[in-house]
Amino acid sequence: MSASQSAVRSRAEAVKVSRTFDWLILFTLFFVVLGGYHIHYMLTGGDWDFWTDWKDRRLWVTVAPIVSITFPAAVQACLWYRYRLPFGAVVCILGLLLGEWVNRYLNFWGWTYFPVNFCFPSNLMPGAIVLDVILMLSGSLTVTAVVGGLAYGLLFYPGNWPVIAPLHVPVEYNGMMMTLADLQGYHYVRTGTPEYIRMVEKGTLRTFGKDVAPVSAFFSGFVSIIIYFLWHFFGKWFAQTTFVNSENF
Amino acid sequence: MAATTESVKADAAEKPLLNVRNLVLGSLVYIIFYGWVRWYEGVYGWSAGLDSFAPEFETYWMNFLYIEFVLEVCTAGILWGYIWKSRDRKVMSITPREELRRHFTHWTWLVCYAWAIYYGASYFTEQDGTWHQTIVRDTDFTPSHIIEFYLSYPIYIITGGASFLYARTRLPAYQQGLSLMYLVSVVGPFMILPNVGLNEWGHTFWFMEELFVAPLHYGFVFFGWAALGVLGVVNIEVQAISKLLKKDLA
């Protein structure tokens, strides 16, 4: 390769080439991360995300943020620390939500006929925006992990409240008290109906009612801090440009 | 750098840097093919896919499986064989413009890989969740598995392998060894396919339909993380492309 030659004919062409690569990179990054993140999320927190009768005030609130802060932390570790792009978490969540919504509509509804208001995905966007904003303002891994991670856990339930509240309204059905979401579940029996596999919300706090969700969110935020740290370093590892000698294989 | 009359003439004669037609056609192949597959599932999943002992199951689903096995092995052999056989043996001697053109071709492959990963890891995998929350399996080869495990996963393996081979055989940036993260991002998702062995082994012992987050599925999760290797690939590419464009963008 001759150093005197140029890959482009003009500065304008160089700019155009650079912009074209930006779009190709963004598209590929978006959909490959979407694929990896979605398979991770559906197999670590999926059941709570699939059905409204799994969206309780205890395990859903605890599990969903903990397992979903992973990829945002890893992608932030690359996009922010290498390119100062402050949208790693939002890109991940947008990808995940796109994959989920396409699936819930075309497959959950379109193939197996569960109504969309029974199988819509959880909203993870408020936590992702806060995570990106905190990283952008602080530029600090520690602050983002501690403040952002905690906020990510705490914001999950309020972020979903406007959607889930109408389905947590109590109803009486055949002499039993349950929520509207539970009633949906009774009408759409699955192999994973929570009562069948005894994954229903239970415990002493439920008896007294009011404090279950905040306690769960606080615990979730605490674990999210630890998971953020861990996945930040995973992201750093995945972002390396190391080559290995082919003779080793 | 000012464009000269000669360079303008050369531009008109040479191949474009990015072959947009190939990019669009490559994407359409996945979108149209998987659209047809989804139509097939919709029609024959319910009408012929519920009982693996029924004759129509053999006709519409097992034959689909046998045909896709043969086509996948042939496609992988021909495609990977062609890319390897037609490799550039003087890859370090190409001009910077040719190198740039090859980076665009490489990104056309990566865009195809992105489509393939999306359909395999996202679309057909979560679809399998809702199918088996509805239909309890009586075989390992259910309609959703015949599409998810044995069609969409091999297709992203074939596409990822082709992309990796293209970079390795035609781009100077990949001649210093094997890119660790490229290997991770191609071999990791590839390992999801052998992990199907563990999955099916477990499902033959226990009814696991109840819980999609069952620990039996964690092998898929672990290998799904490998998709993050694309971050390393992006970084290698940004470095290589920056090197080619740097003085013209300054």
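Please refer to the structure placed before this passage.
Residues numbered from 1 in each chain as written. Chains lettered and ligands numbered in written order. Predicted model: local features only at pLDDT ≥ 70, side-chain atom pairs only at ≥ 80, totals over all residues. Heavy atoms only, no water.

1. Things to note about the state of the cysteines
Put simply, the rule is: Two cysteine sulfur atoms make up a disulfide if the distance between them is within 2.5 Å.
Across all of its chains, the model carries 0 disulfides over all chains by this definition. With no disulfide of its own, C92 of chain A lies closest to C78 of chain A among cysteine sulfurs, the gap being 11 Å.

2. Details of unusual backbone geometry
All names here are of chain A. Where we set the bar: A run of H or I in DSSP becomes a helix once it reaches four residues, and a run of E becomes a strand once it reaches two; helices and strands are each numbered from the N terminus.
Backbone geometry at Y113 places phi at a positive 65 degrees, although glycine is not the residue there. You can see Y113 is positioned in the loop between α5 (88–109) and α6 (116–119). Positioned with a positive phi, N174 is a non-glycine residue whose angle comes to about 50 degrees. Mapped onto the elements, N174 comes out in the loop between β1 (170–173) and β2 (176–179).

3. Quick notes on the packing of aromatic side chains
Each aromatic ring pair is summarised here by two numbers: the centre-to-centre distance and the angle between the ring planes. Stated formally: Only Phe, Tyr and Trp rings are paired, with Trp represented by its six-membered ring, and only when their centres lie within 6.5 Å; those with planes under 30 degrees apart are stacked, over 60 edge-to-face, the remainder tilted. Two conditions define a charge located above a ring, namely a distance within 6 Å from the ring centre to NZ of Lys or CZ of Arg, and an angle within 35 degrees of the ring normal.
Enumeration over the complete set of coordinates arrives at 58 aromatic pairs over all chains. For the pair W201 of chain B and F205 of chain B, a centre-to-centre distance of 4.9 Å together with 65 degrees between the ring planes defines the contact as edge-to-face. With W201 of chain B and F205 of chain B both in helix α6 (residues 180–205), this residue pair falls 4 residues apart, about one helical turn. Positioned above the aromatic ring of W51 of chain A, the side-chain terminus of R190 of chain A is 4.8 Å from the ring centre. Sitting over the face of the ring of Y81 of chain A, K236 of chain A holds its NZ or CZ atom 4.6 Å from the ring centroid.

4. Regarding helix α4 (residues 70–83) of chain A
Residue and element names in this part refer to chain A. Counted only if it meets this: In this scheme, a helix's expected span is set at 1.5 Å multiplied by one less than its residue total. Values of bend correspond, residue by residue, to the angle between axes fitted over the seven residues ending at that residue and the seven starting there. Only protein chains enter the calculation, and the probe is 1.4 Å; a residue is then buried if its accessible area is under 20% of its type maximum, exposed if over 50%, and partly exposed in between.
With 14 residues, α4 extends 20 Å between its outermost C-alpha atoms, agreeing within 8% with the 20 Å of an ideal straight helix rising 1.5 Å per residue. At Q76, α4 shows its maximal bend, which comes to roughly 25 degrees. Summarising burial for α4: 11 of the 14 residues are buried, a large majority. R84 lies just past α4 and shows a positive phi near 55 degrees.

5. Overview of the pattern of salt bridges
Using the following cut-off: By definition here, a salt bridge exists when the distance from a side-chain nitrogen of Lys or Arg to a carboxyl oxygen of Asp or Glu is within 4 Å.
Considering all chains together, one arrives at 12 salt bridges over all chains under this definition. Across the salt bridge formed by E100 of chain A and R104 of chain A, the nearest N and O atoms sit 3.5 Å from each other. One end of the pair, E100 of chain A, and the other, R104 of chain A, are both in helix α5, 4 residues apart, so they sit about a helical turn from each other. The class for R104 of chain A is buried, based on a relative accessible area of 0%. With a shortest N-O distance of 3.0 Å, R102 of chain B and E98 of chain B are connected by a salt bridge.

6. Examining the nonpolar core
For clarity, the cut-off: Buried residues of nine kinds, namely Ala, Val, Leu, Ile, Met, Phe, Trp, Tyr and Cys, make up a nonpolar core once their side-chain atoms join them within 4.5 Å. By definition, residues are in contact when any of their heavy atoms lie within 4.5 Å.
In terms of nonpolar packing, the biggest core is built from 137 residues, with L100 and Y174 of chain B touching the most fellow members. Sequence-distant contacts of Y174 of chain B, that is, excluding residues within four places in its chain, are made with F243 of chain A together with H106, A167, R168, S179, Y182, V233, I236 and E237 of chain B.

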